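Close look at the chain arrangement
Each chain is listed here by its residues.
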Amino acid sequence: MDHRRVIASVVAVAAVGTATAVTLPAIASSQPQPDPSARADSVLVSALRRDLNLSDEQARARLRTERWASPTGERLRRQLGARYAGAWLSATGDRLTVAVTDPRLADPVRAAGAEPKIVTRSAGDLDTLKGDLDRRAGTVGDDVPGWYVDVATNSVVVLAKPRARAAAARWAAAGGAPADAVRVVESAENPRPLFDVRGGDAFFAGRGRCSIGFSVVGGFVTAGHCGPVGTQAAGFNRAAQGQVAASVFPGAGDFGFVRVNADWTPRSVVNTSTGGEVPVAGSAEAPVGASICRTGSTTGTRCGVIAAKNATVNYAEGAVSGLTRTDVCAEPGDSGGSWLSGDQAQGVTSGGSGDCTSGGVT
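Below, the structure is looked at part by part. Just so it is clear, the model here is predicted, and its values are computed rather than measured. (Residues numbered from 1 in each chain as written. Predicted model: local features only at pLDDT ≥ 70, side-chain atom pairs only at ≥ 80, totals over all residues. Heavy atoms only, no water.)

In this structure the tally under the stated criterion is three disulfides. Across a sulfur-sulfur distance of 2.1 Å, Cys 210 and Cys 226 are joined as a disulfide pair. Disulfide Cys 210-Cys 226: torsion about the S-S bond near -100 degrees, hence left-handed. One end of the pair, Cys 210, is in strand S11 (residues 208-211); the other, Cys 226, is in the loop between strand S13 (219-222) and strand S14 (232-235), with 16 residues separating them in the sequence. Of the two residues, Cys 210 and Cys 226, both sit in the buried class. Residue Cys 293 pairs covalently with Cys 303 via a disulfide, S to S 2.0 Å. The sign of the 100 degrees torsion about the S-S bond sets the Cys 293-Cys 303 disulfide as right-handed. Residue Cys 293 is located in strand S19 (residues 291-296), and its partner Cys 303 is located in strand S20 (residues 300-315); the two are separated by 10 residues in the primary sequence. (Disulfide = S-S within 2.5 Å. Helix = DSSP H or I, 4+ residues; strand = E, 2+ residues; numbered from the N terminus. Buried < 20%, exposed > 50% of the residue type's maximum accessible area, 1.4 Å probe, protein only.)

Laid out in structure tokens, this is it:
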């Protein structure tokens, strides 16, 4: 254990950039550290090369673009206000597109280095449409795995299992959503919380094994479905670790806080599947289309891209909103594990469909 002094800063890690987030003080070392971006790149480049089929230089170029895109997209969101309609990176990760509802705002977008797209609905409009579906989550059947805002198509996507498209469309329409604002997409996904594995570092809560998300003052954040308040937690070595002090699942998120005992010292790093450590330097929100890497105790470090934000997943236990959708695979036991874009915390693993052999979504 590293018992160096720690100092606090604030980081929202449960659902960065969504309507619901847990804000807890993060841990940072008081000792001088090497450039965190360079240290993160040494681990992430190899994972991006494997999972996105990139060369080392392509992976580094993508990371550089994403570090520029995150603050640029956020600055434009604030500048454009109610006429902002979302931002996303291209499939190759080299172009940032920013959607607006007013053609007169195209020039400011270009001046910032992004590509403008004129659309009908603002980001606020899309969030309102999806919020209407969220409020009707109790009326949807098992044939709808979830729904999410898709800024690239300026619509809300409702997922439907095979042969259930018509039923999903009727459910969406019953809430008054305009037909041109909702797209029903067929999907074989069968999402479930990933109870029985670890992530980052493993820990045990109740009868299952989960993964640590990020260290915070007094403990760590993880998935809420790993255990309700009061659940006793044990570390990777089965030694007593603490107990769940806060937990949300299902509902407006899937996150929890485990308060650890004095035998455990939180550190501001994420363990990787290669045995290295990636420092966590902050929590700047990455845009849709950015690469993102997940670390879990079952399948290690896996990478992909952010497909959508403000997603709702309809688990058997109930609908969970405020999630981010990615094409990264995960398996049981990866639950609660950390998500990084570069060295920036993005959230913790909730659930997924598929596996890391055939592929999936998380």
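As a further point, take helix H2 (residues 56-80). Two residues of an α-helix separated by three or four positions point the same way, owing to the 3.6 residues in each turn. Here H2 is 25 residues long and its end C-alpha atoms lie 35 Å apart, about the 36 Å a rise of 1.5 Å per residue gives. Within the sequence span of H2, burial applies to Ala 59, Arg 62, Leu 63, Thr 65, Glu 66, Ala 69, Ser 70, Thr 72, Gly 73, Leu 76 and Leu 80. Note on H2: the residue one or two positions beyond its end, Gly 81, has a positive phi of about 60 degrees. (Expected span 1.5 Å × (residues − 1).)

Considering soluble globular proteins, one finds that nonpolar side chains tend to be buried as a cluster. Counting 45 residues, the largest nonpolar core has Leu 80, Leu 96, Val 98, Leu 133, Trp 147, Val 158 and Trp 171 as the members making the most contacts within it. Breaking this core down by element, the ones donating at least two residues are H2, strand S3 (84-89), strand S4 (96-100), helix H4 (123-135), strand S6 (146-150), strand S7 (155-160), helix H5 (165-174) and strand S8 (182-186). The leading source of residues in this core is S3, at five residues. Look past the residues within four positions of Leu 80 in its chain and what remains in contact with it is Val 98, Val 100, Leu 105 and Val 109. The next biggest cluster of nonpolar side chains, apart from the first, holds 12 residues, and it includes Phe 203, Ala 205, Cys 210 and Trp 264. (Core = buried A, V, L, I, M, F, W, Y, C linked by side-chain atoms within 4.5 Å. Contact = heavy atoms within 4.5 Å.)

Strand order in the open sheet formed by three strands is S3-S4-S5, and the pairing between neighbours is mixed. Single-partner strands in this sheet number two, and they are S3 and strand S5 (115-118). Recorded for the sheet is a direction-independent mean angle of 25 degrees between the axes of neighbouring strands. Relative to S5, S4 runs parallel, the two sharing four bridges. By the bridge assignment, Ala 99 is partnered in S5 with Lys 117. (Pairing = 2+ DSSP bridges. Axes fitted to C-alpha atoms, helices over the stretch in contact; angles between N-to-C directions.)

Moving on: the sheet that holds strand S24 (residues 351-355). Read from one edge to the other, the open sheet built from three strands follows the order S9-S24-S25, with strand pairing classed as antiparallel. Either end of the sheet is taken by a strand with one partner, and the two such strands are strand S9 (192-193) and strand S25 (359-361). Bridge count for S9 against S24 is two bridges, and the pairing is antiparallel. Within the sheet, the bridge partner assigned to Arg 192 lies in S24 and is Gly 352.

A few words on the pairing of strand S21 (residues 318-326). In terms of burial, S21 is largely enclosed, as eight of its nine residues are buried. Sheet topology note: the S20/S21 ladder contains six bridges and is antiparallel. Within S21, the residue paired with Tyr 315 across the bridge is Gly 318. Counted between consecutive antiparallel strands, the loop separating S20 from S21 contains two residues.

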